[in-house]
Amino acid sequence: MRPLTSLRHRALRRGTACLAALVTAVGVSAAVPAASASAGRMPSAAAPSTYDNAVSDAFSDTFADPSVIRGRDGWWYAYATSDPLRAGDAPGAIHVARTRDWSSWEYLGTVFDAGNRPSWATATSGLWAPDIRYVAGRYVLYFTVTDTTLNPGDDSAIGAATAPTPAGPWTPAPAPAVPPRPASGGGFLWTFDPAGFTDVDGQRYLYYGSYFGGLWVTRMSADGLTPVGPATQVAVDNRYEGSYVVRHGDFYYLMGSAANCCAGPTTGYSVFAGRSRSPLGPFVDAEGTSLLTSRVGGTTVLTQNGNRFVGAGHHAVVTDAEGRDFIAYHAIDRTNPWLTTTFGINRRPMLLDRLDWVDGWPRTRAGAGPSDTPQPAPSLASGLGVTPTDPSASGFRGLGAGPTDPVAGRTALVHGTASTTASAPTGPIHVRLDHRGTEPLRVLLGRDPAVKVTLDPKGARLTAQVERDGTVRSSTTALSPLPTGAWRTLTVEATADGLTAEVTESDLADVVARVQVSGDTRPAAAPVRLSSSNAVVDNVVVNPAATDATGLAPVPVAGALLESEEFDDPSLAGFTWVRRNPAVTVSGGSLRWPVEGADLVGGGNTASVLLHDTPGDGDWIAEARTTLDLGVGTVRNYQQVGLVAYEDDDDFARLSNVAIWNTRQTEFGRETAADPAAPDGPTSYGGAVIGTSATTLWLRLAHHRNAAGEHLYRAGTSRDGVHWTWGATWTFRTDTHPRIGLVAHGGASPAVTAEVDHLRFYASSWPADPGAG
């Protein structure tokens, strides 16, 4: 087994308090079917202040590849891939559950059964990786079909199903949304992991793809079911899958998961992002590196931090009633990684964490990664005890009772002017509401500045206006029409930076209209008012606007130099060999190491390792400056030079600059016992990826011992020795004593020599527990 080789076999293995001035005219829709099974209590309208990961533990053992949407009935609905829900269960055909508080859940059963599977899917095909959207007045669920009846042999395609409510009933489309795609060398490209998106002009897109073939996007028909025109590649093959796109500000962000999803305790799955001015790309990371290049780019969105969760990826993004973004994803508890048997189905529950936008980039908890302590829950609605049949009791004056909607249940009617019963305090304000029909609606905030946002479906425009000291500034944009009866979501946010109004269909950062007025638009204390002649609204929420973290979470920092090996001694005094390589020499202040046709991974254990003692059990950083010309674009599997934390041949963590098929990546791989309860049993290997490859690359491993006594190693890379990208963390058992080593192996052809210019140890300070807070 080699770095990331298991990607090719993935198809076989994957199985704060709310402002009191808030109104919601919610009622659980009569169209929601009774649950086929349930766990936990039914959630109340009042959300608890905190939740704990994994959020799906209340009703399932595994809930992988999650997709989430806020239904018009005031619930969040979550969908997951077709693994067994619990150990011992048979696989389900895409699971569905719902919650209002992310702590209490109702399991609703599966999307498909034997009677309504897609007709063109084979009876044994997997139905994976659902993606939920609200498209043109109905819900559309995209999903992967791993094998179809359309071609002989293994192929894959993207299916779609539609429903009037997020709970169903679901009707599969008669043909694939994206059919199987033949590969140039035979077989079929991996047409996996769909993600829908609707742009400001109403154009619909579908993203899909995986390691074998890369990530692609195609335009879709108005109903979201049929591809239109040629597809565009947006990320190189052999790097990403699990694509998801959001619009934030003026950019489109393509996020994808990298590395192996399913390697038990050694899973290093992580999420990265690039951004573009167009939904078709090109997408580049924060350093300007393209996601299409051989030395592939990607800015870290989510990666493991050394707590119990590893393999954090395949995500969705949701926004709460304060405008705060959250990332829903699956991860693996490294202490309990398998659903039933070792090397069987991975246990991948769903997690949720805050998604901060720091310097224009999405970062999970500002870069701190997965949480394993109580976290502030997303805001959905206030605990006002809303009585849907009596809109006057809802927190607004002047609302009338609207028609009963098959999706939203009971609604409210704005006829004239309705206002909050309490004034909104001075400061940033976030308003969210659902609107149906063609009647214009005005949202008015404050007095000076006076803020007015007009949603005008009849006139096909969205307008934002701010009046201060007699001066009026405004902005208007086009608004795409929707079918009769379809809902749209309007958000209005007034902050010190300006006024922003956005319209979406799915409320999933797929913005179909957006206007801004710059300057401080925070309103003074005054009721929030809605004005219309006859607008139907629902889920109206007024809150203080959420704020993101202003900086990234702390990372390890190198302090005083503790020890330095500059490779000026040919005898390599201070080092010891595991399987000495006589071809390794020292000259010109560098260690020169012809790359070996050997490896450490698996049972072979034929590669040489040059080891050095560490400064001890405290906090320190090991650094090596490496040079290895791997070229670009060609296949040179799996030549590499690296820095390794080494306990023995079956227990190590290796940070390498490595050639993986046509790409050049920096992989932080881990090999250890596949069963945490059997440390001497069979091993598992998996890896995370970190930073961008370069011919000359600085590598760092930061060491720390946690409260339990485990060794933690966090990896960092740099292309200039000054600016560092820090990534994933791997842990070692308390009874181990790893040393630091150097390696150069993975393939002898073409012949190439790696160089290491130094190995240095620095004092360091490790950030506070990354799983908390």
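Residues numbered from 1 in each chain as written. Predicted model: local features only at pLDDT ≥ 70, side-chain atom pairs only at ≥ 80, totals over all residues. Heavy atoms only, no water.

1. Describing the packing of aromatic side chains
To keep things clear, this is the line we draw: Pairs were defined over the aromatic rings of Phe, Tyr and Trp, the Trp ring being its six-membered one, requiring ring centres within 6.5 Å. Orientation was assigned from the angle between planes: stacked under 30 degrees, edge-to-face over 60, tilted for the rest. Accessible area is worked out with a 1.4 Å probe on protein chains only. A residue is then buried under 20% of its type maximum, exposed over 50%, and partly exposed in between. Definition used: whenever NZ (Lys) or CZ (Arg) falls within 6 Å of the ring centre and also within 35 degrees of the ring normal, the charge is taken to sit over that ring.
All chains considered together, the criterion is met by 23 aromatic pairs. Judged by centre distance (5.2 Å) and plane angle (80°), the rings of Phe 59 and Phe 63 are edge-to-face. Exposure class is identical for Phe 59 and Phe 63. Each is buried. On the basis of an interplanar angle of 50° and a centroid distance of 5.7 Å, the ring pair of Trp 338 and Phe 343 is categorised as tilted. Using a relative accessible area of 6% as the deciding quantity, one classes Trp 338 as buried. By relative accessible area, which is 39% here, Phe 343 ends up partly exposed. Grouping aromatic residues by their ring pairs yields a cluster made of Phe 59, Phe 63, Trp 76, Trp 102, Trp 105 and Tyr 107. The lysine or arginine in question, Arg 239, covers the ring of Phe 272, its NZ or CZ lying 5.1 Å from the ring centre.

2. Examining the nonpolar core
What counts here: Remark: nonpolar core denotes a set of buried residues (Ala, Val, Leu, Ile, Met, Phe, Trp, Tyr, Cys) joined through side-chain atoms within 4.5 Å. When checking whether two residues touch, look at their non-hydrogen atoms; a contact exists if any pair is within 4.5 Å.
With 73 residues, the main nonpolar core has Tyr 79, Trp 102 and Trp 170 as its most contacted residues. Beyond its immediate stretch of four places on either side in the chain, Trp 170 contacts Tyr 79, Val 111, Asn 116, Ile 132, Tyr 139, Val 140, Leu 141, Ala 161, Thr 162, Ala 163 and Thr 165. Listed in part, the 42 residues of the second largest apolar core include Leu 643, Ala 688, Leu 742 and Val 756.

3. Considerations on the pattern of salt bridges
Filter applied, for reference: We define a salt bridge as a side-chain nitrogen of Lys or Arg found within 4 Å of a carboxyl oxygen belonging to Asp or Glu. Runs of H or I in DSSP of at least four residues are treated as helices and runs of E of at least two as strands, each being numbered from the N terminus.
Within this structure, the stated rule accounts for 34 salt bridges. With its nearest N and O atoms 3.9 Å apart, the salt bridge here joins Arg 365 to Asp 353. Taken as a pair, Arg 365 in the loop between β21 (361–364) and β22 (375–376) and Asp 353 in strand β20 (residues 350–358) lie far apart in primary sequence, 12 residues in all. Each of the two residues, Arg 365 as well as Asp 353, counts as buried. Note that Asp 757 is salt-bridged to Arg 625, the shortest N-O span being 2.1 Å.

4. Here's the deal with unusual backbone geometry
Residue Pro 169 is bonded to the preceding Gly 168 through a cis peptide linkage, with omega at 0°. Considering the arrangement of structural elements, one finds Pro 169 in the loop between β8 (157–163) and β9 (171–172). Cis geometry marks the peptide bond from Asn 637 to Tyr 638, where omega comes out at -15°. Structurally, Tyr 638 can be placed in the loop between β39 (620–627) and β40 (640–648). The backbone of Ile 94 sits at a positive phi, close to 70°, despite the residue not being glycine. Inspection of the secondary structure puts Ile 94 in strand β4 (residues 93–99). Its identity is not glycine, yet His 314 carries a phi of approximately 40°, on the positive side. Among the secondary structure elements, His 314 is positioned in strand β18 (residues 309–319).

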